[in-house]
Amino acid sequence: MNLGFIGTGKIASSVIAGICTSKINFKKIIISPRNKIIAKNLKQKFKKVIIARENQQIVDKCDWVFLSVTPTIGNRIIKDLKFRSTQTIISFISTITLSQLKKMIKVRAKIVRAIPLPPISLKKGPVPICPPNLKVKKFFNQLGTTVEIKNEKSSINFWSTSGMMAPFYELLRVMTDWLVKRGVKRDNAQKYITSLFLALSEDAVVNSKKDLKFLVKESQTPQGLNEQGVRELTKASFYKSLEKTLNSIHKRLNK
Ligand SMILES: NC(=O)c1ccc[n+]([C@@H]2O[C@H](COP(=O)([O-])OP(=O)(O)OC[C@H]3O[C@@H](n4cnc5c(N)ncnc54)[C@H](OP(=O)(O)O)[C@@H]3O)[C@@H](O)[C@H]2O)c1
């Protein structure tokens, strides 16, 4: 099976890195020449990667085609590509809906929307897909954890929370800089903060059957530091503003 990528940017290169270091069985990965530098790097790194001359060549040669361009470019180029009804087309494009994709693709191919995130390069993280599709589910389960979503509208909720990746890293950055300002060496500060949050995330996954509020409670001792942390941040509307931002991202995706 040949896999093709229209658009070779951040998310395509993360997915390709994941695939090429996984047990997924495929013949070749054919990528678009754009972005040129990323495409060249991928070809150098992984021997099964080939750079196509243009987008139609990818569609012609591949069984599965991943759409990994921005919405503006997608709206411009997808309608001019000639797909086959035997193909599976997986769109990573944030704001183009299934019905819009169907109209642009024209033939009755299998069309699935997916939301991989950059840690897929490490074969980690959730991959919501919509509508459910067994083969696509199995594929992404080898690159992370597939979450099947029946209703496209509900996938927007997942999209909204994925807008919190950069804020999460910003949180780590602020805490690391805070330690540095107090004289801690940067590499020690960063090692401490990143391994603390890795451990907390692993603990949350291991306890994922419990309601998260128990973890919040269990990690506080009465009058302790964590109790002060939650209380002061709550009073400062830190969590309310998190929710407010999620709402406004959701609103933007729902347009
Ligand atoms: N980044 C994420 O975490 C993430 C996660 C899930 C989904 N997505 C979605 O995935 C899509 C791509 O996001 P991204 O972050 O990977 O964006 P990106 O890094 O900007 O990648 C877009 C790619 O499209 C290429 N491109 C532009 N015009 C093209 C054309 N006519 N034909 C083929 N390729 C063309 C760009 O090449 P040039 O650089 O040469 O212009 C670039 O390589 C978006 O719709 C985004 O919403 C992103």
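Up top is the structure.
Figured I'd write up the structure that's included with this text. Because the structure is predicted, anything quoted here is derived from the model rather than measured.

### Regarding the overall build of the protein
Thinking step 1. Secondary structure assignment for the protein yields 12 helices and eight strands.
Thinking step 2. Within the protein, buried positions represent 25% of all 255 residues.
Thinking step 3. In the protein, 53% of the contacts between residues at least 6 apart in sequence involve partners at least 24 apart.

### What about the pairing of strand β5 (residues 88-91)?
Thinking step 1. Across four bridges, the pairing between strand β4 (residues 64-67) and β5 is parallel. Residue Phe66 lies in a different strand from β5, and its bridge partner there is Ile90.
Thinking step 2. Taken together, β4, helix α4 (residues 71-77) and β5 form a β-α-β motif whose crossover is right-handed.
Thinking step 3. Here four bridges tie β5 to strand β6 (residues 110-114), and the two strands are oriented parallel to one another. Bridged to Ile90 within β6 is Val112.

### Here we look at the pairing of β6
Thinking step 1. The buried fraction of β6 is high, at four of five residues.
Thinking step 2. As paired strands, β6 and strand β7 (residues 126-130) are joined by two bridges and run antiparallel to one another. Within β7, the position partnered with Arg113 by the bridge is Cys130.

### Things to note about the nonpolar core
Thinking step 1. Core analysis: the largest hydrophobic core is formed by 42 residues, its most contacted members being Ile16, Ile29, Ile31, Val65, Phe66, Leu67 and Ala114.
Thinking step 2. At five residues, the largest contribution of residues to this core is made by helix α1 (residues 10-20).
Thinking step 3. Residue contacts for Ile29: discarding those within four places in its chain leaves Leu3, Phe5, Ile16, Ile19, Lys48 and Val49.

### A closer look at the environment of Lys137
Thinking step 1. Looking at the secondary structure, you find Lys137 in helix α6 (residues 134-141).
Thinking step 2. Between the C-alpha atoms of Lys137 and Glu148, which are 11 residues apart in sequence, the distance is 7.4 Å.
Thinking step 3. With sequence-adjacent residues up to four places away left out, Lys137 is seen in contact with Ile129, Pro132, Thr146 and Glu148.

### A look at the site of the ligand
Thinking step 1. Lining the immediate surroundings of the ligand are 24 residues, of which Gly7, Gly9, Arg34, Asn35 and Ser94 lie closest.
Thinking step 2. Contributions of two or more residues to the shell around the ligand are made by α1 and α4.
Thinking step 3. Within the shell around the ligand, the residues separate by chemical class into 13 nonpolar, nine polar and two charged.

### Some remarks on helix α12 (residues 238-254)
Thinking step 1. Its 17 residues give α12 an end-to-end C-alpha distance of 24 Å, which sits within 8% of 24 Å, the value for a rise of 1.5 Å per residue.
Thinking step 2. Little of α12 is tucked away: zero of the 17 residues are buried.

### Regarding the packing of helix α7 (residues 152-162) against α12
Thinking step 1. Taken N-terminus to C-terminus, the directions of α7 and α12 make an angle of 130°; their axes are 9 Å apart at the nearest point. As summarised for this structure, α7 and α12 are arranged oblique, according to the angle between their axes. Between α7 and α12 lies a crossing of right-handed hand. Each of Ile156, Asn157, Trp159, Ser160 and Thr161 in α7 lies in contact with α12, whose residues at this interface are Leu246, Ile249, His250, Leu253 and Asn254.
Thinking step 2. Class assignment for the residues of the contact of α7 with α12 results in five nonpolar, five polar and no charged.

### Some remarks on helix α11 (residues 225-235)
Thinking step 1. α11 sits mainly on the outside: zero of its 11 residues count as buried.
Thinking step 2. Directly beyond the C-terminal end of α11, a positive phi value near 65° is found at Ser237.

### Some points on unusual backbone geometry
Thinking step 1. Cis geometry marks the peptide bond from Arg34 to Asn35; its omega dihedral reads -5°.
Thinking step 2. Structurally, Asn35 is set in the loop between β2 (29-31) and α2 (36-45).
Thinking step 3. Across the junction of Cys130 and Pro131, the peptide omega takes the value -5°, indicating a cis bond.
Thinking step 4. Tracing the chain through its elements places Pro131 in the loop between β7 and α6.
Thinking step 5. Non-glycine residue Lys106 carries a positive phi angle of around 70°.
Thinking step 6. Among the structural elements, Lys106 can be located in the loop between α5 (98-105) and β6.
Thinking step 7. According to the C-beta neighbour criterion, Lys106 is partly exposed, with 13 such atoms within 10 Å.
Thinking step 8. Of note in this structure, Ser237 is not a glycine but carries a positive phi near 65°.
Thinking step 9. C-beta crowding within 10 Å serves as the criterion here: with 11 such atoms nearby, Ser237 is assigned to the exposed category.

Each value, and the rule that gives it
- Residues numbered from 1 in each chain as written.
- Predicted model: local features only at pLDDT ≥ 70, side-chain atom pairs only at ≥ 80, totals over all residues.
- Helix = DSSP H or I, 4+ residues; strand = E, 2+ residues; numbered from the N terminus.
- Buried ≥ 20, exposed ≤ 12 C-beta atoms within 10 Å, placed from the backbone.
- Contact = placed C-beta atoms within 7 Å.
- Pairing = 2+ DSSP bridges.
- Right-handed = clockwise from strand over helix to strand, strands pointing away.
- Core = buried A, V, L, I, M, F, W, Y, C linked by C-beta atoms within 7 Å.
- Near = placed C-beta within 6 Å.
- Nonpolar A, V, L, I, M, F, W, Y, C, P; charged D, E, K, R; others polar.
- Expected span 1.5 Å × (residues − 1).
- Axes fitted to C-alpha atoms, helices over the stretch in contact; angles between N-to-C directions.
- Parallel < 35°, antiparallel > 145°, perpendicular 65-115°, else oblique.
- Left-handed = near helix turned anticlockwise from the far one by under 90°.

Shape descriptors only; they carry no functional weight alone.
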